[in-house]
Amino acid sequence: MKRADLPDADCGIAQALGVLGDWWTVLIVRDVAGGTTRFDALQRALGVSRRALTERLGALVAHGVLRREAYSRHPPRYDYLLTAKGEALLPVLVALQDWGTRHVMGDGALTATAAADSPEAHRAHALVGRRLPPVTLTRHDGGEESPAVPGRWSVLYLFPGAFAPDTQGLPPGWGDIPGAVGCTLESRTYADRHDRFRAAGAEVRGISTQRPDQLAAFAAHARLPYPLLSDQDGRLAAGLLLPTFRAGGVARLKRLTLLVDPEAVVRAVQFPITDPAGAVDEMLDLARSRVAA
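Cut-off values and rules
- Residues numbered from 1 in each chain as written.
- Predicted model: local features only at pLDDT ≥ 70, side-chain atom pairs only at ≥ 80, totals over all residues.
- Heavy atoms only, no water.
- Helix = DSSP H or I, 4+ residues; strand = E, 2+ residues; numbered from the N terminus.
- Buried < 20%, exposed > 50% of the residue type's maximum accessible area, 1.4 Å probe, protein only.
- Contact = heavy atoms within 4.5 Å.
- Pairing = 2+ DSSP bridges.
- Salt bridge = Lys/Arg side-chain N within 4 Å of Asp/Glu carboxyl O.
- Axes fitted to C-alpha atoms, helices over the stretch in contact; angles between N-to-C directions.
- Left-handed = near helix turned anticlockwise from the far one by under 90°.
- Nonpolar A, V, L, I, M, F, W, Y, C, P; charged D, E, K, R; others polar.
- Parallel < 35°, antiparallel > 145°, perpendicular 65-115°, else oblique.

**Q** Help me understand the overall build of the protein, please; the structure alone is not making it clear to me.
**A** The number of helices and strands found in the protein is twelve helices and eleven strands. C-alpha atoms of the protein, sized along the principal axes, occupy 60 × 45 × 40 Å. Sorting the 293 residues of the protein into buried and exposed places 50% on the buried side. In the protein, 63% of the contacts between residues at least 6 apart in sequence involve partners at least 24 apart.

**Q** I'm lost on the pairing of strand β5 (residues 153–158) in this one. Help?
**A** Consecutive residues of a regular strand have side chains that alternate between opposite faces of the sheet. Most of β5 sits out of view: six of its six residues are buried. Residue alternation in β5 divides its side chains into two sets, Trp-153, Val-155 and Tyr-157 and Ser-154, Leu-156 and Leu-158, and both sets are buried. Pairing analysis gives six bridges linking β5 to strand β6 (residues 202–208), with the strands arranged parallel. Paired with Trp-153 across the bridge in β6 is Ala-202.

**Q** How should the pattern of salt bridges be read in this particular structure?
**A** Between side chains of opposite charge, a pair can form when the charged atoms approach closely. Counted according to the given criterion, the structure contains 18 salt bridges. The partner of Glu-120 in a salt bridge is Lys-254, with the nearest N and O atoms 2.9 Å apart. Note that Glu-120 is positioned in helix α7 (residues 119–125) and Lys-254 in the loop between β9 (250–253) and β10 (256–260), a separation of 134 residues in sequence. Under the relative-accessibility criterion, Glu-120 is labelled buried at 6%. For Lys-254, a relative accessible area of 4% gives the class buried. Shared partners join several salt bridges into a network, and the residues in it are Arg-139, Asp-141, Glu-145 and Arg-205.

**Q** It is not clear to me how the side chain of Thr-257 should be interpreted in this structure. Could you clarify?
**A** Within the secondary structure layout, Thr-257 lies in strand β10. If we ignore the near neighbours within four places in the chain, the residues touching Thr-257 are Val-155, Leu-156, Tyr-157, Glu-186, Tyr-190, Ala-268, Val-269, Gln-270, Ile-273 and Met-283.

**Q** Would you take a moment to explain the packing of helix α8 (residues 183–192) against helix α12 (residues 276–292) for this structure?
**A** A packed helix pair is summarised by two numbers, namely the angle formed by the two axes and the spacing between the axes. Between α8 and α12, the shortest axis-to-axis distance is 8 Å and the interhelical angle comes to 30°. In this structure, α8 crosses over α12, and the sense of that crossing is right-handed. Contacts from Leu-185, Glu-186, Thr-189 and Tyr-190 in α8 reach Pro-276, Ala-277, Val-280 and Met-283 in α12. Split into classes, the residues belonging to the contact of α8 with α12 amount to six nonpolar, one polar and one charged.

**Q** What is the right way to read unusual backbone geometry from this model?
**A** Peptide bonds are trans in most cases, and residues, glycine excluded, mostly fall at negative phi. In the segment running from His-74 into Pro-75, the intervening peptide bond is cis, with an omega of -5°. Relative to the helices and strands, Pro-75 resides in the loop between β1 (66–72) and β2 (77–82). Residues Phe-271 and Pro-272 are joined by a peptide bond in cis, for which omega reads -5°. We note that Arg-223 has phi near 55°; this positive angle belongs to a residue other than glycine. Secondary-structure assignment places Arg-223 in the loop between α10 (212–222) and β7 (228–230). Relative accessible area serves as the criterion here: at 75%, Arg-223 is assigned to the exposed category. Residue Ala-264 is not a glycine yet carries a positive backbone phi of 65°. As for its placement among the helices and strands, Ala-264 is situated in the loop between β10 and β11 (266–270).

**Q** Any chance you could explain the environment of Thr-113 here in plain terms?
**A** Note that Thr-113 resides in the loop between α6 (90–104) and α7. A C-alpha to C-alpha distance of 7.7 Å links Thr-113 and Ala-180, two positions 67 residues apart in sequence.

**Q** Honestly, the packing of helix α2 (residues 23–33) against α6 in this entry has me stumped. Any pointers?
**A** Running from N to C, α2 and α6 point in directions that differ by 110°, and their axes come no closer than 11 Å. Accordingly, the angle class assigned to the pair α2 and α6 is roughly perpendicular. Each of Val-26, Val-29, Arg-30 and Ala-33 in α2 lies in contact with α6, whose residues at this interface are Leu-90, Leu-93 and Leu-96. Of the residues assigned to the contact of α2 with α6, the class counts are six nonpolar, no polar and one charged.

Here it is in structure tokens:
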């Protein structure tokens, strides 16, 4: 359906669907966000015909969702990259992922964790061998950096939310959401083991969808010796299809930890995590064995 054919010119949902068109188009945006940016790679990943892919990529470029960047002149070849307009779609992808996992594949229950044999767990562990998408996140001190430390092994622990006393309180019903509690314990345990991780050759980073100022307040309160990174725009969550849930009107990361090599490739995944403190020691053992290998 063309945009001009839409019956409701004043409805944002209708107009957005006029741009996205069909489910193939949404999946193209999903895969580009995950770092699959070239035509042949997109075709292999999606299994769509060359003609259909050409049409949809052309439409996304025409609507300003994607931009083309040449990587070969003879023959002409392009990377398809998200524009600012395209990046604004990432929270929509995260919301769709959460809704599909919770209400289509699940029973509708609100949870910050998952069963070990769930589709979410299978998807999380399938990240092994994946390269992190080329995103930058804002640190709690206002600077920006990629999630993985370039040239170093990195331990990225993703958490739902950690809050300093006398700041914005916990979301309503936080303690009743399975898997939500434990972020402070996890963060402080990583802080206690920080020197051991560095001695093993790995840097620690904590990541959540909280705002940088919220993370700054918590980092100061907990005296964390490593940065916390904000994925409040959903760039990492959408790029890796990370498990999420909604609480307090905010999309939040479920508790998950990645061990990433110096080339930004995921080498180990912890999910689900039922013992936040114990998982830190397990990750320390993993880091020691993988870095030394």
